[in-house]
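Architecture at a glance
For reference, the chains in residue letters:
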Amino acid sequence: MAQDQSKAIKKYGDSTGKDPFEKLVKQCKVEYNLSWMHQKSKKDEWEARLKLYNNQKRDKKSVGDTTMFTILQTVLASLYVDRLSVEFGAKEQGDAETVENLNSLAENDYDEMEKDILDYDWDWDTLFFGRGLLSFSEYIRDPEKKIYLPIPYVLDPLLILRDPHAASVNGDRMARGAARFFGGEEKMTKGMMEDNEYIFSDIDFKLVKYGSGTMSILKDAIAARSEAQGTQDQLGMKEEFLGSNAAYDITKWYTNYKIKGEVKKVIVWLANDRMKVVGLQVLKKDYWPVLDRPLYPTSHDWDGTSVPDLTEDKQRARAVAQNLGLDMMKADLYPTYIYDSNRIINRNDLRFDNNFIPVDSKERDITGAIQPINKARPNMQLLDFIYNSLDLSAQKATATPDIQQGIQSQKDRPLGETNLIASKVDTRYSLSAKVFGWSEKRFWGVHWYGLYKEYFKEDIDEKVLRLKGALGSKWRPLKKDNIIARIDPDVKIESQALSRAKQLEERQALTGYFGLALQDPTSNRRWGLKKLGKLNGLMKDEIDILFPLTIDEREAEKENELLNKGESAPVLREQDHNVHLIINSKANDTPATRVHLSTHEQALMWKREKPELFPQDATATEFQPPGTEKINPTLARPTPIKPSQTSMAR
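First things first, this report covers the structure right here in the doc.

What counts and how
- Residues numbered from 1 in each chain as written.
- Predicted model: local features only at pLDDT ≥ 70, side-chain atom pairs only at ≥ 80, totals over all residues.
- Heavy atoms only, no water.
- Helix = DSSP H or I, 4+ residues; strand = E, 2+ residues; numbered from the N terminus.
- Buried < 20%, exposed > 50% of the residue type's maximum accessible area, 1.4 Å probe, protein only.
- Contact = heavy atoms within 4.5 Å.
- Areas by Shrake-Rupley, 256 points an atom, 1.4 Å probe, with all protein chains shown as cover.
- Pairing = 2+ DSSP bridges.
- Axes fitted to C-alpha atoms, helices over the stretch in contact; angles between N-to-C directions.
- Parallel < 35°, antiparallel > 145°, perpendicular 65-115°, else oblique.
- Nonpolar A, V, L, I, M, F, W, Y, C, P; charged D, E, K, R; others polar.
- Salt bridge = Lys/Arg side-chain N within 4 Å of Asp/Glu carboxyl O.
- Left-handed = near helix turned anticlockwise from the far one by under 90°.

Within the chain, the secondary structure is distributed over 18 helices and 15 strands. The 650 residues of the chain split such that 38% are buried. For the chain, contacts bridging at least 24 residues in sequence account for 69% of all contacts bridging at least 6. Accessible surface computed for the chain: about 38,500 Å², of which carbon and sulfur atoms make up 53%.

Structure follows, in structure tokens:
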């Protein structure tokens, strides 16, 4: 529900001046102007590069080089296809089931948030601008439709200004290098403003002006994108004539502001060239709800290095070389001549497409009255060397050789060398993937998890997941206590390419080893085969179908439920104590668990000393319906083993 302006003024405003938000407006305006002067030249350079990346209005008689596009798309394809997977881990006992639910929820939300589309835009911005920005503060809560979902979206770096002294959005763990202020302009219709719960509900829209004011990065960005795409911008059009589609130019600004004597992180919406506050949100968190993703970060620096930083000059030089080569080819095909105007009176006698320049010889010799103009012959070897050197320089800087771009190398290389090049390229890309993992970890561990923690209502909201397994789909309802751990969980981010390579290496190593180890009659064959099944990509439920749980495994799982509560579980002499030791070791570390494990260990020792007490065929009793059992006196009755005083003490 939108907030009332009078209540916001009473809660956050300053009653000392005529305008309760006068100090806030002045602070935001100074911060915006400072950022604009610091970064305007950078914005202009980015806008020029957009035109170079895809110039639709270039001279039709010239050709453009595609070095920037080719290399950026090659790097983007490698990083985008290599999806970063997330895995939550429990920090304390009892949260194992919670993190399992979180892992399932993250997989479900990946699709619902359309994170595959989100990642493309985020990665593209990162490669082109050096640092991509993503806002993560919106959350959909619709109990009627059972929709509970965080909604991140990518910010346009062309529309963002930031603290000149910032190294990143939120800095390090102690907020060193964090942005004190940042933000930018956006288009908002009246309907969009009314739907925003933090924009004042009682705004007098007659006092809100259309159009951009001074120092507008939005106006510059719209003009630059229109020019790059060969379209006509509509900046001069009167917005008010569009009715409900008319959009205001609103500045959304993030800053630290003192409210009632305490400094708070706030988001403020400003209209009328940043002179009128139309909305305000006071953040409850001590960090900005914005994520940044660098590509080639430079320590202590915001901008780092982007793909255009490394390729723009090469592309321009290669385009010059290409067009000079075309001009020389045309000059050879259509040479230029001079002719004696005293000897050839009628120009129409020269019925050719070639160029003819009249010259008054004044009785000087012009052989045959027509003579070609001598031109300097270019050094084609030098031109080719420079052209290829520029291409090679761009490839080296971005680790995108011909084979990585899907192009056959000009030089025939042996297979070993080709594989070596590919492996080194993967090493360079894996570095970028690990750097991307920094922001991915914060995406899931801080912002995504934090929004559920803040907005998912306890005992009210319920999210139903559809889990796909080997036997079809099944549904799992989740409440807040099913996904929020007592201590915030660990987050592990891993590149799928690296994970698969590691899995392949481990599978190859263990396959040969298990071939020898499983020849030992005392080896745990089921565990080894399950491990190999997992390394071969089988899901847990598929492995469970292939290797159904034995009676001892099922008993041990039931025992763990008792042990987790601190209750004792009986140990029967007919049980497979090795299996129970493996599964019971997963239970919480309670006194009951320690006694139970110790008793199983003692049972193994007693079995060696007195094997007659442990029947070998305790499961041979024929099953009978309840009440009709036939007791076989030859079989030993299952007898609990009482823990000794020694095991109790242990």
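A few words now on the sheet that holds strand S7 (residues 262-271). The strands making up a sheet are joined through hydrogen bonds of the backbone, oriented either antiparallel or parallel. On the basis of which strands lie adjacent, the open sheet formed by five strands has the order S4-S5-S6-S7-S8 and antiparallel pairing. Two strands lie at the open edges of the sheet, namely strand S4 (160-162) and strand S8 (276-282), each paired on one side alone. Taken pair by pair, the neighbouring strands of this sheet meet at an average axis angle of 25 degrees, ignoring direction. Across nine bridges, the pairing between strand S5 (residues 181-189) and strand S6 (residues 247-259) is antiparallel. Its bridge partner lying in S6, phenylalanine 182 is registered against tyrosine 254.

Two elements in contact, helix H2 (residues 22-53) and helix H3 (residues 67-81), have axes separated by 8 Å at closest approach and are oriented at 95 degrees. By the angle class used here, H2 and H3 are roughly perpendicular. For the pair H2 and H3, the contacting residues are Arg49, Leu52 and Tyr53 in the first and Met68, Phe69, Leu72 and Gln73 in the second. Looking at the contact of H2 with H3 residue by residue, the classes come out as five nonpolar, one polar and one charged.

The subject of this paragraph is the pattern of salt bridges. Going through the model one piece at a time under the given rule, you end up with 34 salt bridges. Put simply, aspartate 490 and lysine 91 hold a salt bridge, and the shortest N to O gap is 3.8 Å. In this pair, aspartate 490 sits in strand S15 (residues 490-495) while lysine 91 sits in the loop between strand S1 (84-89) and helix H4 (96-112), placing the two residues 399 residues apart along the sequence. Taking relative accessible area as the criterion, aspartate 490 reaches 38% and is therefore assigned partly exposed. One salt bridge in this structure joins lysine 314 and aspartate 313, with 3.6 Å as the shortest N-O distance.

Looking now at the sheet that holds strand S9 (residues 290-294). Reading across the sheet, the three strands line up as S3-S2-S9 and stay open at both edges, with antiparallel pairing between neighbours. Pairing within the sheet leaves two strands with one partner each, and these edge strands are strand S3 (147-155) and S9. Put simply, the sheet's adjacent strands are angled 25 degrees from each other on average, direction ignored. Inspection of the sheet shows strand S2 (residues 131-142) paired to S9 by five bridges, in the antiparallel sense. Each residue of the ladder has a partner; that of arginine 131, found in S9, is proline 294. Relative to the sheet, helix H5 (residues 115-129) contacts S2, S3 and S9, its axis offset from that of S2 by approximately 155 degrees.

So, on to the pairing of S5. Among the nine residues that make up S5, seven are buried, leaving the element largely enclosed by the rest of the structure. Strand direction decides the pairing type here: S4 and S5, joined by three bridges, are antiparallel. Bridging from a neighbouring strand, leucine 161 pairs with glycine 183 of S5.

Right, let's talk about the packing of helix H16 (residues 577-584) against helix H17 (residues 591-609) for a bit. Axis separation between H16 and H17 bottoms out at 9 Å; the angle between their running directions is 160 degrees. By the angle between their directions, the pair H16 and H17 is classed as roughly antiparallel. Relative to H17, the crossing made by H16 is left-handed. Across the interface between the two elements, His577, Asn578, His580, Leu581 and Asn584 of H16 pack against Thr593, His596, Leu597, His600, Glu601, Ala603 and Leu604 of H17.

On their own, these measurements won't tell you what the molecule is for.
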